[in-house]
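The residues making up each chain are set out below.
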Amino acid sequence: MKLAGLKSIENAHEDSVWAATWVPATEDRSALLLTGSLDETVKLWRPDELDLVRSNTGHSLGVAAVAAHPSGIIAASSSLDSFVRVFDVDTNATIAVLEAPPSEVWGLQFEPKGTLLAVAGGSSASVKLWDTASWRLVSTLSVPRPEASKPSDKTSSKKFVLSVAWSPNGKRLACGSMDGTICIFDVDRSKFLHQLEGHNMPVRSLVFSPVDPRVLYSGSDDGHVNMHDAEGKTLVGSMSGHTSWVLSVDASPDGGAIATGSSDRTVKLWDLKMRAAIQTMSNHNDQVWSVAFRPPGGTGVRAGRLASVSDDKSVSLYDYS
């Protein structure tokens, strides 16, 4: 696999762009790129030309994360205003507004079948699960406190939950915390299973392999990308190459590669058989907050796409084959 720069839009937003994901194709349209920014807006872009389809407002502070429902019909955005806004992709009509206390909505992701929305709970040291039919809170998965800690201990602040990821079969949920630990939950039983270790700084991004539900990739401020056996509780490998924080990680649809974005201003492509970075892209001139591979599917899709967004306000698009 090799990346080739396709197009970059400078000043795609009026402030830092922190979030990006792909909205799956529907029968009526191709996949769209969804971006969220500190300028309080969410924008939708066409996948090849990076033409702006729509700019959505609705938050009163910056957008921290975005997620798309597997149907491609609805999407969600979380904001520093402590709200999650769920909206219709094609009309921008608000479907639901989910409220949380301050500092309790960060990363978010829809379950692969679309029945639940998981929201990283930040300072509540938990992941909240919302039912997508009723938009009611149906479960709170709490990160265990360290043994021998007291409720008054400040150690709980280190369990600040930043990131979430679903396994491809929806049976497991992973969340990454400020202290570098990753917790694995059995979703059906709402049960904490075990903790994965290997990082010593915040885990800002997680993604399961699309082809092996046991394999989990994590990106951390310690500069490493780790590969875990999420069932066996083992660290399979640790890859290094970035010179600063790893802010985002995503897996290619075929499971053969991952891409990362870093505060060293680069996007890297990693070959998982070699467990090494095989390509570095330097399209951005500030921190790269999110990278996202386009999901397969849709008519007229000939080549793969990867998107990246940055503090420099730009959106970049790459193709790969």
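Right above here is the structure, for reference.
Residues numbered from 1 in each chain as written. Predicted model: local features only at pLDDT ≥ 70, side-chain atom pairs only at ≥ 80, totals over all residues. Heavy atoms only, no water.

**Student:** Which parts of the structure should I look at to understand the overall build of the chain?
**Tutor:** A count of helical and extended segments in the chain gives one helix and 28 strands. Computed over C-alpha atoms, the radius of gyration of the chain comes to 18 Å, within 12% of the 20 Å expected from 2.2 N^0.38 for 321 residues, which places it in the range of a compact globule. Over its C-alpha atoms, taken along the principal directions, the chain stretches across nearly 55 × 45 × 35 Å. Burial status across the chain gives 57% buried among its 321 residues. Considering only residue pairs separated by 6 or more positions, the chain has 45% of its internal contacts joining residues 24 or more positions apart. Counting only carbon and sulfur atoms, one obtains 48% of the accessible surface of the chain, whose full area is about 13200 Å². In the chain, which carries 30 positive and 36 negative side-chain charges, the distance between the mean positions of the two groups comes to 4 Å. (Helix = DSSP H or I, 4+ residues; strand = E, 2+ residues; numbered from the N terminus. Rg over C-alpha atoms; globule rule 2.2 N^0.38 Å. Buried < 20%, exposed > 50% of the residue type's maximum accessible area, 1.4 Å probe, protein only. Contact = heavy atoms within 4.5 Å. Areas by Shrake-Rupley, 256 points an atom, 1.4 Å probe, with all protein chains shown as cover. Lys, Arg positive; Asp, Glu negative; His and termini not counted. Charge placed at Lys NZ, Arg CZ, Asp CG, Glu CD.)

**Student:** Would you explain the side chain of lysine 128 in this entry?
**Tutor:** For lysine 128, the position within the fold is in strand E12 (residues 126–131). Within the structure, lysine 128 has its side chain in polar contact with the side chain of serine 126 (distance 3.0 Å). Beyond its immediate sequence surroundings of up to four residues, lysine 128 is in contact with Glu104, Leu117, Ala118, Val119, Leu137, Ser139 and Thr140. (Polar contact = N/O pair within 3.5 Å; in protein donor to acceptor, adjacent residues only side chain to side chain.)

**Student:** Please explain unusual backbone geometry as it appears in this structure.
**Tutor:** Trans peptide bonds make up most of the peptide bonds, and negative phi angles are found at most residues other than glycine. Of note, the phi angle at asparagine 11 is positive, near 55 degrees, even though the residue is not glycine. When you line up the elements, asparagine 11 lands in the loop between strand E1 (3–9) and strand E2 (17–23). Assessed through its relative accessible area of 56%, asparagine 11 is described here as exposed. We note that serine 190 has phi near 50 degrees; this positive angle belongs to a residue other than glycine. Structurally, serine 190 is set in the loop between strand E16 (182–186) and strand E17 (191–196).

**Student:** Which parts of the structure should I look at to understand the sheet that holds E1?
**Tutor:** The strands that make up a sheet are held in pairs by hydrogen bonds between backbone atoms, and each pair lies either parallel or antiparallel. In spatial order, the strands read E1-E28-E27-E26; together these four strands make up an open sheet with antiparallel pairing. At either margin of the open sheet sits one strand with a lone partner, and together these are E1 and strand E26 (288–293). Across this sheet, the average inter-strand angle for adjacent strands is 20 degrees, counted without regard to direction. Alignment of E1 against strand E28 (residues 315–320), held across six bridges, turns out to be antiparallel. Looking at the pairing, alanine 4 lines up with aspartate 319 of E28. (Pairing = 2+ DSSP bridges. Axes fitted to C-alpha atoms, helices over the stretch in contact; angles between N-to-C directions.)

**Student:** Help me out: how do you make sense of the pattern of salt bridges in this one?
**Tutor:** When the charged atoms of two side chains lie near each other, side chains of opposite charge can form a pair. Overall, the coordinates contain nine salt bridges when judged by the stated rule. Between aspartate 90 and arginine 29 there is a salt bridge, with the nearest N and O atoms lying 2.9 Å from each other. Of this pair, aspartate 90 sits in the loop between strand E8 (83–88) and strand E9 (94–99) while arginine 29 is found in the loop between E2 and strand E3 (32–37), placing the two residues 61 residues apart along the sequence. Notably, a salt bridge pairs arginine 172 with aspartate 186, separated by 3.5 Å at the nearest N-O pair. Of this pair, arginine 172 sits in strand E15 (residues 172–177) while aspartate 186 sits in strand E16; the two residues are 14 residues apart in sequence, bridging distant segments of the chain. Taken as a pair, arginine 172 and aspartate 186 share a single burial class, namely buried. (Salt bridge = Lys/Arg side-chain N within 4 Å of Asp/Glu carboxyl O.)

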